[in-house]
Amino acid sequence: QVQLVESGGGLVQPGGSLRLSCAASGRFVSIGVMAWYRQAPGNQREMIARITGGGTTNYADSVKGRCTISRDNAKNTVYLQMNSLKPEDTAVYYCNADTRSTYWSSVVTSWGQGTQVTVSS
């Protein structure tokens, strides 16, 4: 079993910044891609940033230039630094991670429970 725990969400004013963290724990020998998604009320969950084990990153157009994803492999943690936040960034933010329980196992994707980000004055 793999557990992902997000933290760092909260209420921030437009133009402000937040840093989300997601720590993975449990039984795995490796973590591949880690990603951040978000889901606003009435909307589908969308991927906003992803990072491979080697550090290659991809961003959704909606956050490109405002968000930076990074990871600390020693801590099994992925981060999302969000700047210049807008009211439309309000959503529940989820992380996910691809892990292997053994080196010959298939990849399993796990999800965190989500953390609320609200951008409002």
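**Regarding a nonpolar patch on the surface**
A contiguous nonpolar surface patch, about 430 Å² in accessible area, is contributed by Val29, Tyr103 and Trp104. Tracing the backbone through its elements, the reader meets Tyr103 in the loop between β9 (91–100) and β10 (108–111).

**A look at the pattern of salt bridges**
Scanning the entire structure with this criterion turns up 4 salt bridges. One salt bridge connects Arg38 with Glu46, and the closest N-O pair in it is separated by 2.8 Å. Residues Asp89 and Arg38 are paired through a salt bridge, measuring 2.9 Å at the closest nitrogen-oxygen approach. One end of the pair, Asp89, is in the loop between β8 (77–82) and β9; the other, Arg38, is in strand β4 (residues 30–39), with 51 residues separating them in the sequence. The burial state of Asp89 is the same as that of Arg38; both residues are buried. When salt bridges with common partners are traced through the structure, they connect Arg38, Glu46, Arg66 and Asp89 into a single cluster.

**What about the packing of aromatic side chains?**
Counted under the stated rule, the structure contains 1 aromatic pair. For the ring pair Tyr37 and Trp111, a centre distance of 4.8 Å and an interplane angle of 65° mean the geometry is edge-to-face. Placement of Tyr37 in strand β4 and of Trp111 in strand β10 is noted, with a sequence separation of 74 residues between them. Judged by relative accessible area, which is 37%, Trp111 ranks as partly exposed. Positioned above the aromatic ring of Trp111 is the side chain of Arg45, whose terminal nitrogen or guanidinium carbon lies 4.7 Å from the ring centre.

**Quick look at the sheet that holds strand β3 (residues 18–26)**
Strand order in the open sheet formed by 4 strands is β1-β3-β8-β7, with antiparallel pairing between adjacent strands. A strand with exactly one partner marks an edge of an open sheet, and here the two such strands are β1 (2–7) and β7 (67–72). Neighbouring strand axes in the sheet, compared pairwise and without regard to direction, differ in orientation by 15° on average. Here 6 bridges tie β1 to β3, and the two strands are oriented antiparallel to one another. Counted as the bridge partner of Leu4 is Ala24 from β3.

Rules used in this analysis
Residues numbered from 1 in each chain as written. Predicted model: local features only at pLDDT ≥ 70, side-chain atom pairs only at ≥ 80, totals over all residues. Heavy atoms only, no water. Patch = residues over 30% accessible without salt bridge, like charges linked within 9 Å, V, L, I, M, F, W, Y side chains within 5 Å. Areas by Shrake-Rupley, 256 points an atom, 1.4 Å probe, with all protein chains shown as cover. Salt bridge = Lys/Arg side-chain N within 4 Å of Asp/Glu carboxyl O. Helix = DSSP H or I, 4+ residues; strand = E, 2+ residues; numbered from the N terminus. Buried < 20%, exposed > 50% of the residue type's maximum accessible area, 1.4 Å probe, protein only. Phe/Tyr/Trp six-rings, centres within 6.5 Å; stacked < 30°, edge-to-face > 60°. Lys NZ or Arg CZ within 6 Å of the ring centre and 35° of its normal. Pairing = 2+ DSSP bridges. Axes fitted to C-alpha atoms, helices over the stretch in contact; angles between N-to-C directions.

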